[in-house]
Structure formats: structure tokens, C-alpha cells
There are 2 protein chains.
Amino acid sequence: MATKPAPDSKRRSERSRRAIYDAALELVSEVGYAKLTIEAIAARAGVGKQTIYRWWPSKGAVLLDAFLDLGKQASEEASTAAGHELEHEIPDTGDLEADLKYVVRATIDELKNPKYDAPYRALAAEGMLNEEIGAEYVEKLLEPGLQLYVRRLRIAREAGQVAPEVDPRIALELWTGPIAQRWLQRTGPLTHEYGDKLVEYALHGIAPR
Amino acid sequence: MATKPAPDSKRRSERSRRAIYDAALELVSEVGYAKLTIEAIAARAGVGKQTIYRWWPSKGAVLLDAFLDLGKQASEEASTAAGHELEHEIPDTGDLEADLKYVVRATIDELKNPKYDAPYRALAAEGMLNEEIGAEYVEKLLEPGLQLYVRRLRIAREAGQVAPEVDPRIALELWTGPIAQRWLQRTGPLTHEYGDKLVEYALHGIAPR
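Going by what an unreviewed UniProt entry lists, chain A is known as TetR/AcrR family transcriptional regulator and is assigned to Streptomyces longisporoflavus.

Right, dumping it as C-alpha cells:
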């Protein structure tokens, strides 16, 4: 018979886990990803480094789980504030352009949050070099957010606001791709006005109507 | 009075430089960027590591110059083959959609060239973490290519094929952004069909006309 961990030990390990995530996020901002070590994360979190190695194979894996946990925390807090389980969907006011602009602006604000810029950038860079981390990053962090656009665009397509032949999974990249590139590679300013223009161009096209 | 290097020594240093670039590009494919060292590049290129440190401050800087040199070599070869200095412009057949698709397909083929995939990806990742390398990467490698689109879109705008209010520098990101993201983050297949769709959506919009 499998033994269930006592509630106390479960709480303790939950606390260690959060302490490890916080340490990893702080340290990557302070020293940069290249100089981040499992030893330093363990020291900052007040746990033995074996505790970290038992749960994660690499510093990239710790960072990925730290971000997944941040997402989980944020959605729990939002649900608590709302008093019920929130549905994570893009708003549907019937005005597709306004709904997309709203979410695009919020995404831009989030990407520019200085608290998460360094660690999120480090994770994205690690995912580019390390295919395993990259695949998990895309599957667990990126794609679920993109699927919200897929659902909103399908609704719009049914309502006749998106052309019937358009593939929603590709269409959403007309704005998410440029935003990702400006953020990842710093190819230009990432502003609300820029986000608005992308949505307008994507919906109406750059050729004259 | 400054002394001019003798032609012989200039040729020798040119040869060392190319040997260093080749070594850096090969090694990053073989061992990965994280394990790439200046020592290993020097050994493979048959030069002392001080020679490398005299010219470059870091392995990322070597890799960036190796790519700039590849671009220079490719354009010299193309000019020699053509028998005259080539202008690097996007074709202008009068059919904007066809011209864009042609260049987008060629870009996709280039990004998928296995010879350059690992080093180019390493350089992009390094540029995300190291702002100095990133700024040079964007200014010298990325932006000159994007400016070709700006010029082609301006011509199209003058010809009435692009709406007058459209900003060409943003419009081009409707296809270059998604392609960069699929390539950098492996978020989906990077095919000619995909590139064609991006160009179609960008020109005509995803809302019904």
C-alpha cells in the first residue's frame, strides 16, 4: 500500500518548492542565466542542492516550472478575487478588433514587466538551444495562450467576422509573432500603438480595400 | 607615420580570420554554444588564443562576425557569378504578392539549412541575453534584410498596391515576425505553404473583404 505523505510534510515540500522558484527567478535577474547555478539557487532557497536535483534535471527545468507556477498562482488569485473559478478566454464583446487589441495590450504590458523580463528571456533563450526545454516551454507555457486566440477567432469566423478559408492557428501569428520577435530580439519598440497597428493590419490587410 | 601592413601579412591575417570563423561555426554545431570556448576555437583554427582575444571580446562576438562574413562572401560570390556588382533588392515584377512569396520561401529554405541552423540559433539566443551582441546582431544582420522589404513595400505603396496609411516597417513584420518565431521557438512547421499563407493574410487581411 502506498503511503500518503502527512499533510505537514506535503506543506513543507510545497514551501521548499516555492522558495526554490523564487530563488531561481531572483538570481537570474541578479547574475544572469549564464552564471546561474543549482548551488546558488539551493543556498538562496535554504535547501540542499540534492533536493533540487531530486526534482529537476537542470537549471532550465527549474526556471520553466517557476514560470508555470507563476501562471498557476496568478489564475488562482484571480479566481479567489472573483469568488469563483475563472474561465480563461479572450473577451467576446462582439467587436473582434477591440477584443484583440485589449488582449494584445495586456500581453505587451506583461512582457515589459521588469520583474519577469530577465528570467522569462533566459527561459526563452534556453528553450532555443535546448530542444527538450524548448518543447516543454512551447507546449505548457506558449501554446495554451495561443489556443485562446484560436477559440476567439473560431467564434469570429462563425459570426462572419473572419473569412471562412482562414486558418485561426496561423492567423493569430500575425500579431503574436511580431510581438514575440520585438520582445525576444529587441528589434523595435513594443508599445500599445504598435500592438494596435498589428491587429488592424492583420484584420484588414495592408493592400487597399 | 602609421605603418601599413605588408600585403603578405594582411593576407595571412585574413586567412587566420576565416579559419577562426570556420572553426567557430563548426564547433558550435558539434558541441553546442554552452560548451563552445575560445580555447577550442583557437586550437581548431590553428592560432593562439591571444590572437582571438586581440580581435574579439567573447565567443558571441566571434560568432556574430562569422555570420557577417558569410553574408559578405555570399554576396561577393553572387556578384562574381553575375559579372557585376549585384543590387540586393527584393524582385519587382509588379506582382507584390508573388515577389513577397518568392523571398519568403527563399528565407525559409535558408533558415532550414542544417549547416547554419545550430550556429545561427546560438547567435540569436546569445543576442537575447547579451544586449550588446543583440544590438549588433539586429543592426548588422537582421535590419538590413528587413529594409529590403521596406523599400519594396514603399514602391508598392506608390503603385497603389499597399494602402497609403500603412507603415512598411511594421507591415513587413506580419510575415517576418511569425517566421522568426517558428524558427527560433519551434512553435510549428516552417514550410513554403505556411509562408504563402502569411503573405496572403498580410496583404488581404483575415476579415472578409
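Quick rundown of the overall build of chain A? Include the residues and the values.
Within chain A, the regular secondary structure consists of 10 helices and zero strands. Seen in sequence order, chain A has helices and strands lined up from the N terminus as α-α-α-α-α-α-α-α-α-α. Projected onto its principal axes, the C-alpha coordinates of chain A cover approximately 65 × 40 × 30 Å. Within chain A, buried positions represent 44% of all 209 residues. Summed over all atoms, the accessible surface of chain A reaches about 10,800 Å², with 53% contributed by carbon and sulfur. Each charge class in chain A was averaged separately, 28 positive and 33 negative side chains, and the resulting centres sit 5 Å apart.

Describe the interface of chain B and chain A, naming the residues involved and giving the relevant values.
One frequent convention defines the size of an interface as the accessible area lost when the parts assemble. At the junction of the two partners, chain B supplies 49 residues and chain A supplies 49 residues. With both sides pooled, the region where chain B packs onto chain A buries about 4,400 Å², and carbon together with sulfur makes up 64% of that total. Joining chain B to chain A, the criterion identifies two salt bridges. The closest approach of N and O atoms between Arg182 of chain B and Glu173 of chain A, which form a salt bridge, is 2.5 Å. Inspection of the chain B/chain A interface yields 24 residue pairs in polar contact (both at pLDDT 80 or more). For the side of chain B that touches chain A, the secondary-structure elements that each account for two or more residues are α6 (114-129), α7 (131-158), α8 (168-171), α9 (173-185) and α10 (192-204) of chain B. Broken down by element, the residue count for the side of chain B that touches chain A peaks at 11 residues, all from α9 of chain B. A per-class count over the side of chain B that touches chain A returns 28 nonpolar, 10 polar and 11 charged.

For the UniProt feature "DNA-binding region" (unreviewed entry) in chain A, give the residues involved together with the corresponding values.
Under the local residue numbering, the UniProt record ascribes the feature "DNA-binding region" (unreviewed entry) to residues 37-56 of chain A. Helix makes up 75% of residues 37-56 of chain A and strand 0%. Its end C-alpha atoms lie 13 Å apart.

Would you mind going over the pattern of salt bridges in detail, with residue names and values included?
Tallied over the full model, the rule gives 30 salt bridges over all chains. Put simply, Arg121 of chain A and Asp117 of chain A hold a salt bridge, and the shortest N to O gap is 3.2 Å. Remark: Asp117 of chain A and Arg121 of chain A occur in helix α6 (residues 114-129); sequence separation between them is four residues, near one turn of the helix. For Arg121 of chain A, a relative accessible area of 6% puts it in the buried group. Beyond isolated ion pairs, a larger network of salt bridges with shared partners links Glu143, Arg169 and Glu173 of chain A together with Arg182 of chain B.

Please give an account of the environment of Gly195 of chain B that cites residues and values.
Within the secondary structure layout, Gly195 of chain B lies in helix α10. Once the C-alpha coordinates of Gly195 of chain B and Ala23 of chain B are considered, the two residues, 172 residues apart in sequence, prove to be 33 Å apart.

Run through the UniProt feature "domain: HTH tetR-type" (unreviewed entry) in chain A, naming residues and quoting values.
The sites that carry the UniProt feature "domain: HTH tetR-type" (unreviewed entry) are, in the present numbering, residues 14-74 of chain A. Note that residues 14-74 of chain A is 80% helix and 0% strand, and that its end C-alpha atoms are spaced 17 Å apart.

How would you sum up the relation of the copies chain B and chain A? Please name residues and give values.
Both copies of the chain are placed relative to one another by a rotation about an axis and a shift along it. With an axial shift of 0.0 Å and an RMSD of 0.1 Å, the rotation relating chain B to chain A amounts to 180°. Both copies are brought into coincidence by an operation consistent with a two-fold rotation axis. Relative to the rotation axis, the closest C-alpha in chain B is found at Gly205 of chain B, a distance of 1.7 Å. The share of interface residues of chain B whose copies in chain A are also at the interface is 100%, consistent with both copies meeting through the same surface.

A description of helix α4 (residues 59-82) of chain B should follow, citing residues and the corresponding values.
All names here are of chain B. For α4, built from 24 residues, the straight-helix expectation of 34 Å at 1.5 Å per residue is met to within 8% by its first-to-last C-alpha distance of 35 Å. Three or more residues of α4 are buried, namely Gly60, Ala61, Val62, Leu63, Leu64, Ala66, Phe67, Asp69 and Ser79. Looking at the residues trailing α4, positive phi occurs at Gly83, about 80°.

Help me get a handle on helix α5 (residues 96-111) of chain B, residues and values and all.
An α-helical segment advances 3.6 residues per turn. Residues three or four places apart therefore align on the same side. Residues and elements named next belong to chain B. If you check α5, its first and last C-alpha atoms are 23 Å apart, about what 16 residues at 1.5 Å a residue would give, namely 22 Å. For α5, the full list of buried residues reads Leu96, Asp99, Leu100, Lys101, Val103, Val104, Ile108 and Leu111. Next to the buried residues of α5 lie α6, α7, α9 and α10.

Explain the nonpolar core to me, and be specific about the residues and the numbers.
In terms of nonpolar packing, the biggest core is built from 127 residues, with Ile52, Trp175 and Ile206 of chain A together with Ile52, Trp175 and Ile206 of chain B touching the most fellow members. Each of two domains, domain 1 (11-60) and domain 2 (88-209) of chain B, supplies a minimum of three residues to this core. Beyond its immediate sequence surroundings of up to four residues, Ile206 of chain A is in contact with Tyr201 of chain A together with Leu153, Val162, Ala163, Val166, Ala171, Leu174, Trp175, Ala202 and Leu203 of chain B.

Residue-level account of the packing of aromatic side chains, with values.
Tallied over the full model, the rule gives 14 aromatic pairs over all chains. Both rings, one in Tyr120 of chain A and one in Trp183 of chain A, keep their centres 5.0 Å apart while their planes meet at 35°; by these two values the pair is tilted. With Tyr120 of chain A in helix α6 and Trp183 of chain A in helix α9 (residues 173-185), the pair connects residues that are 63 residues apart, well separated along the chain. An angle of 45° between the planes, with centres 6.0 Å apart, marks the rings of Tyr120 of chain B and Tyr137 of chain B as tilted. In this pair, Tyr120 of chain B sits in helix α6 while Tyr137 of chain B sits in helix α7, placing the two residues 17 residues apart along the sequence. Take Tyr120 of chain B and Tyr137 of chain B: they sit in the same class, and that class is buried. An aromatic cluster is defined as three or more aromatic residues linked by ring pairs; in this entry it consists of Phe67, Tyr116, Tyr120, Tyr137 and Trp183 of chain A.

Each value, and the rule that gives it
- Positions within a chain are numbered from 1, following the residues in the order the chain's sequence is written.
- Going through the entries in the order they are written, you letter the chains from A and number the ligands from 1.
- Totals for whole chains, interfaces and linings use all residues, but because this is a predicted model, local features are given only for residues with pLDDT of at least 70 and pairs of side-chain atoms are given and counted only at 80 or more.
- Side-chain figures throughout are based on the complete set of non-hydrogen atoms in the structure, without hydrogens or water.
- Under the DSSP-based scheme used, a helix requires at least four consecutive residues in state H or I and a strand at least two consecutive residues in state E, with every element numbered from the N terminus.
- Exposure is judged per residue with a 1.4 Å probe applied to protein chains only, and the accessible area is read against the type maximum: over 50% gives exposed, under 20% gives buried, and values in between give partly exposed.
- The method behind every accessible area is Shrake-Rupley, applied with a 1.4 Å probe, and residues are considered shielded solely by the protein chains displayed.
- His is not counted, nor are the chain ends, whereas Lys and Arg count as positive and Asp and Glu as negative.
- To locate a charge, take atom NZ for lysine, CZ for arginine, CG for aspartate or CD for glutamate.
- Residues are treated as being in contact if the distance between any of their heavy atoms lies within 4.5 Å.
- Accessible area that two parts lose when put together, evaluated with a 1.4 Å probe and summed over both, is termed the buried area.
- A carboxyl oxygen of Asp or Glu within 4 Å of a side-chain nitrogen of Lys or Arg is what we treat as a salt bridge.
- In protein, a polar contact means a hydrogen-donor-capable atom and an acceptor-capable atom, both N or O and within 3.5 Å, with residues adjacent in sequence counting only if both atoms are side-chain atoms; elsewhere, any N or O pair within 3.5 Å suffices.
- Under the scheme applied, nonpolar residues are Ala, Val, Leu, Ile, Met, Phe, Trp, Tyr, Cys and Pro; charged residues are Asp, Glu, Lys and Arg; polar residues are all the others, including Gly.
- UniProt positions are given in the numbering used here, feature names are shortened, and annotations may be inferred rather than shown by experiment.
- Least-squares superposition aligns the copies on the C-alpha atoms of those residues with pLDDT at or above 70 in both.
- For a helix, the expected span equals 1.5 Å multiplied by the number of residues minus one.
- In this description, a nonpolar core means a group of buried Ala, Val, Leu, Ile, Met, Phe, Trp, Tyr and Cys residues linked to one another through side-chain atoms lying within 4.5 Å.
- The split into domains, and so the bounds of each, comes from an automatic or database assignment of domains.
- Each Phe, Tyr or Trp ring, with Trp reduced to its six-membered ring, pairs with another whose centre is within 6.5 Å; inter-plane angles below 30 degrees give stacked pairs, above 60 give edge-to-face pairs, and intermediate values give tilted ones.

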